[in-house]
Amino acid sequence: MSSEKSLLTQWREYAYTQETNTKQGQMFWQTYFTLEQGIYEKLLASSEVVTGTVQELADKYDVELSMMVGFLDGINESLVKENPIDDMTADTVVSLEYDKEKLYYNMVAARAEWLYNLPAWDDLLSKERRQELYREQKKSGTIVREKKIGRNDPCPCGSGKKYKFCCGKAK
Ligand SMILES: [Zn+2]
């Protein structure tokens, strides 16, 4: 077992070699973004602190284990306490207890408009606070692992427009 690649390494090697200029790569990321958004919708709408093994969370949100690994990778820096993602296995207990301000900020940093504009945010952070965090992030000039999506792909927010004319527009 110890000689095998970790789940995280497997995910990153697979996901980040998907070319967004191929049909297969586009479909992979579209699927990932749709599932990711679905998990965030449920997570943000509930005040429950979600914990369980990686496999239990995959089952809870009805996604494949590898997708759950990708989700845990993406949310890690926004958590109250980071999970041991580097060497987690399907049986590792993880928590999705997030810091709402960090999560919102990081969604802005990733330019994931379809995530930081989810309606569930209305009940979590005031509009004013969100505007402050948004401005703070934009001023910092940092882009945290921008969501991997081709400029000509359909925007993951579901607008039907191309990404480059929608959430991917230079701001
Ligand atoms: Zn969009």
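Look up a bit, the structure's there.
Description of the structure in this document. Since the structure is predicted, the reported quantities are computational estimates derived from the model, not experimental observations.

## Focus on the overall build of the chain
Okay, step 1: A count of helices and strands for the chain gives seven helices and two strands.
Okay, step 2: Going from the N terminus to the C terminus, the chain shows its helices and strands as α-α-β-α-α-β-α-α-α.
Okay, step 3: On C-alpha atoms alone, the chain measures out to a radius of gyration of 16 Å, which is about the 16 Å that the 2.2 N^0.38 rule sets for 171 residues.
Okay, step 4: Its C-alpha atoms give the chain principal-axis dimensions of about 45 × 40 × 30 Å.
Okay, step 5: Of the contacts formed within the chain by residues at least 6 apart in sequence, a portion of 59% connects residues at least 24 apart.
Okay, step 6: If you sum the accessible surface of the chain, you get close to 9600 Å²; carbon and sulfur atoms cover 49% of it.

## As for the layout of surface pockets
Once rolled over the atoms, a probe with the size of a water molecule shows which space is left empty.
Okay, step 1: In this structure, the largest pocket occupies an estimated 430 Å³ of space.
Okay, step 2: What lines the largest pocket is a set of 26 residues, among which Asp-73, Gly-74, Ala-110, Arg-145 and Lys-147 lie closest to the centre.
Okay, step 3: The set of elements that each furnish at least two residues to the lining of the largest pocket consists of helix 1 (7-15), helix 2 (23-45), helix 4 (65-75) and helix 5 (100-109).
Okay, step 4: Split into classes, the residues belonging to the lining of the largest pocket amount to 13 nonpolar, five polar and eight charged.

## Examining the nonpolar core
Okay, step 1: Ranked by size, the top nonpolar core spans 48 residues in total, and within it Tyr-40, Leu-43, Met-68, Phe-71, Leu-96 and Trp-121 carry the most contacts.
Okay, step 2: A per-element tally of this core places helix 2 first, with eight residues.
Okay, step 3: Those residues in contact with Trp-121 that sit more than four places away from it in its chain are Leu-44, Lys-100, Leu-103, Tyr-104, Met-107, Leu-115, Tyr-116 and Arg-130.

## So, the packing of helix 1 against helix 4
Okay, step 1: Here helix 1 crosses helix 4 at 90°, and the two axes come no closer than 9 Å. Taken together, helix 1 and helix 4 sit at an angle that is classed as roughly perpendicular. Contact residues: helix 1 offers Leu-7, Leu-8, Trp-11 and Arg-12, while helix 4 offers Leu-65, Ser-66, Met-67, Val-69, Gly-70 and Asp-73.
Okay, step 2: Within the contact of helix 1 with helix 4, the residues separate by chemical class into six nonpolar, two polar and two charged.

## Thoughts on the coordination of the zinc ion
Okay, step 1: Taken together, the protein ligands of the zinc ion are Cys-155 (SG), Cys-157 (SG), Cys-166 (SG) and Cys-167 (SG), with distances of 2.3 Å.
Okay, step 2: Because the angles between the four donor atoms bound to the zinc ion fall within 98 to 117°, the donor set is best described as tetrahedral.
Okay, step 3: Within one chain, the residues donating to the zinc ion are spaced in sequence as C-x1-C-x8-C-C. Of this pair, Cys-155 sits in the segment after helix 7 (127-140) while Cys-166 sits in the segment after helix 7; the two residues are eleven residues apart in sequence, bridging distant segments of the chain. The two residues Cys-155 and Cys-166 agree in class, both being buried.

## Section: the pattern of salt bridges
Okay, step 1: Using the criterion set out here, one finds six salt bridges in the structure.
Okay, step 2: Of the charged contacts in the structure, one is a salt bridge between Asp-73 and Arg-12, with a shortest N-O distance of 2.7 Å. Here Asp-73, found in helix 4, pairs with Arg-12, found in helix 1; they are 61 residues apart in sequence, far enough to count as distant.
Okay, step 3: By relative accessible area, which is 33% here, Arg-12 ends up partly exposed.
Okay, step 4: Ionic contacts of the salt-bridge type, sharing partners, join the residues Glu-101, Arg-129 and Glu-132 into one network.

Parameters and conventions
Residues numbered from 1 in each chain as written. Predicted model: local features only at pLDDT ≥ 70, side-chain atom pairs only at ≥ 80, totals over all residues. Heavy atoms only, no water. Helix = DSSP H or I, 4+ residues; strand = E, 2+ residues; numbered from the N terminus. Rg over C-alpha atoms; globule rule 2.2 N^0.38 Å. Contact = heavy atoms within 4.5 Å. Areas by Shrake-Rupley, 256 points an atom, 1.4 Å probe, with all protein chains shown as cover. 1 Å grid on protein atoms, 1.4 Å probe; cavity = no way out; pocket = protein on both sides within 12 Å on 5 of 7 lines; lining within 4 Å. Points joined across faces, edges and corners; volume = space filled by probe spheres on them. Nonpolar A, V, L, I, M, F, W, Y, C, P; charged D, E, K, R; others polar. Core = buried A, V, L, I, M, F, W, Y, C linked by side-chain atoms within 4.5 Å. Buried < 20%, exposed > 50% of the residue type's maximum accessible area, 1.4 Å probe, protein only. Axes fitted to C-alpha atoms, helices over the stretch in contact; angles between N-to-C directions. Parallel < 35°, antiparallel > 145°, perpendicular 65-115°, else oblique. Donors = N, O, S within 2.8 Å, 3.2 Å for Na, K, Ca; no water. Tetrahedral: all angles 85-135°; square planar, octahedral: opposite > 155°, others 65-115°. Salt bridge = Lys/Arg side-chain N within 4 Å of Asp/Glu carboxyl O.

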